[in-house]
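Results of the structural survey
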Amino acid sequence: MEITLRADGLEHRLAVDPRTTLLDALRERLGIWGPKKGCDHGQCGACTVLLDGKRVNSCLALAVAHDGAQIITAEGLASDSELHPMQASFIEHDAFQCGYCTPGQIVSAVGMLEEVESGWPSHVTRDVNAGEVSLTDEEIRERMSGNLCRCGAYANIVPAIREVAEGGRLR
Amino acid sequence: MKPFRYDRAGDISGAVATLAREQAGVFLAGGTNLVDLMKLGVMEPDVLVDVRRLTSRGIEDLPDGGLRIGAAVTNSELAAERRIRSRYPMLSQALLSGASGQLRNIATAGGNLLQRTRCAYFYDITTPCNKREPGTGCSALEGCNKDHAILGASKQCVATHPSDMAVALTALDAVVHVQGPAGGRAIPISELYRLPGDEPERDTTLQHAELITSVDLPPLGFASSSRYRKVRERASYAFALVSVAAALQVQDGVVRDARIALGGVAHMPWRAHQAEDSVRGRPAVEESFRAAAQAELADAAPLRDNAYKVPLAANVMTQMLLDLSLAQ
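Residues numbered from 1 in each chain as written. Chains lettered and ligands numbered in written order. Predicted model: local features only at pLDDT ≥ 70, side-chain atom pairs only at ≥ 80, totals over all residues.

**Observations regarding the domain arrangement of chain B**
When its domains are assigned, chain B resolves into domain 1 (5-52) and domain 2 (225-326). Using only C-alpha atoms to locate each centre, domain 1 of chain B and domain 2 of chain B end up separated by 36 Å. (Domains from an automatic or database assignment.)

**Topic: the sheet that holds strand S3 (residues 48-51) of chain A**
Residue and element names in this part refer to chain A. Sheet architecture is open: 5 strands sit in the order S2-S1-S5-S3-S4, paired in mixed fashion. The open sheet has two free edges, formed respectively by strand S2 (10-15) and strand S4 (54-57), since each of these has just one partner strand. Along the sheet, successive strands turn relative to each other by an average axial angle of 40°, direction set aside. Pairing of S3 with strand S5 (residues 70-72) involves 2 bridges; the strand directions are antiparallel. (Pairing = 2+ DSSP bridges. Helix = DSSP H or I, 4+ residues; strand = E, 2+ residues; numbered from the N terminus. Axes fitted to C-alpha atoms, helices over the stretch in contact; angles between N-to-C directions.)

**So, the nonpolar core**
Residue and element names in this part refer to chain B. Met 90, Leu 91, Ala 168, Ala 171, Ala 245, Ala 246 and Met 317 are the most contacted members of the largest nonpolar core, which has 156 residues in total. At 8 residues, helix H13 (residues 309-326) tops the list of elements feeding residues into this core. Excluding residues that lie within four positions of it along the chain, Leu 91 makes contacts with Ile 84, Met 165, Ala 168, Leu 169 and Leu 172. (Core = buried A, V, L, I, M, F, W, Y, C linked by C-beta atoms within 7 Å. Buried ≥ 20, exposed ≤ 12 C-beta atoms within 10 Å, placed from the backbone. Contact = placed C-beta atoms within 7 Å.)

**Remarks on the domain arrangement of chain A**
All names here are of chain A. Domain boundaries in chain A define domain 1 (2-77) and domain 2 (85-167). Placing a centre on the C-alpha atoms of domain 1 and another on those of domain 2 gives a separation of 21 Å. In this assembly, 16 residues from domain 1 lie in contact with 15 residues from domain 2. Contributing elements (two or more residues each) for the side of domain 1 that touches domain 2: S3, S4 and helix H2 (74-77). In terms of residue count, the dominant contributor to the side of domain 1 that touches domain 2 is S3 (3 residues).

Here's what the structure looks like:
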């Protein structure tokens, strides 16, 4: 089937088998290798992309079901000359070891901070009725629970995200 | 993954008509459960009819003070919706305790209701499973069954329903609207789900090609202080061992009304009618709440590995009712 994907600012027209996931379309067809295939079952978060502005697991989305979608991967977060603040913060805080989960962590963190800015509560938010969310470390951990890091770099991932959140340096 | 045809109908009636012609077809919404099951070979549909852009993605006020939730509203949008957070906080809390941020952003209300059990044997196509392959037997009955049902199970199936959202909707007496080949109908959520009996392959009472279009929440004033509590093996991103959704109305120290539902204990979200009847008109004290919880669980029939769920469910229910009464 013919579909159009707008990935990291470029429009691509491609023919795909209906079984192709968004993850495989990005990696195998468009050569965008930022999103990683970890578990391929929506459990690890390594494939996280922004799909029409929201973070999702690209391994569980069929490409044909997202014809015309706008996708941003970790590679698309950076401009030509400058890293995205979240990318810079991950480097600054040494928030990874092997790096395999990192593109997913970074995209997820960017999407997560937008959710916080929109006032979305989380499972650990004491009062779901509260207007604003105070982004404590507990909140960061809960909201990032869909991204696993088998090297266990969480101790540095949390401060890396916190610094971007506190600095208001989302974009 | 087995090849399938992907079909995107122009409207709801077209989608229903298309699927009605395809006995081995299914509807596709967010896909977070279905695509996974297809990768594993647990589900092998010939046709996917994509309805994600067909059903409503809005939440409307109803004239009676309730809310109508479009089937395509994502779990994230529903949890964050102001009117849900203020009028039915147990529903927001239930949604936020399920899955991960990424999954909630694409999973829909309709799809959440129809997700399949996470019984490990259902997922493992090398093992017998009456739900996946009727007549082959239940591997969990004598197998590893620590996650399985303690209420309403049968010899054919001891699986539990995985949804948190549906537990809150069950406590709230939600009504599910469907559109099918024979027209539309409204189904109280307690009648949407079923116990496994001799047909564990049927999770719900829906007929083939019936599409969930929306879910109505009736008005319930005292739901504004309702809660959802989930006990699981990790702090986040895990299915419930036991969960409780409850709303309590207390006046002058006496329970006037209650809504209680349990998750993780049965093939369907378990409405705790016996506990509700037991607490109504009784003093709002721990003793009443514990007696109510025990009344609800009197018929519990635990398996080899899940006897812990009986006291766990009783304790969580008791504490939840106590917390709700103290907060009034």
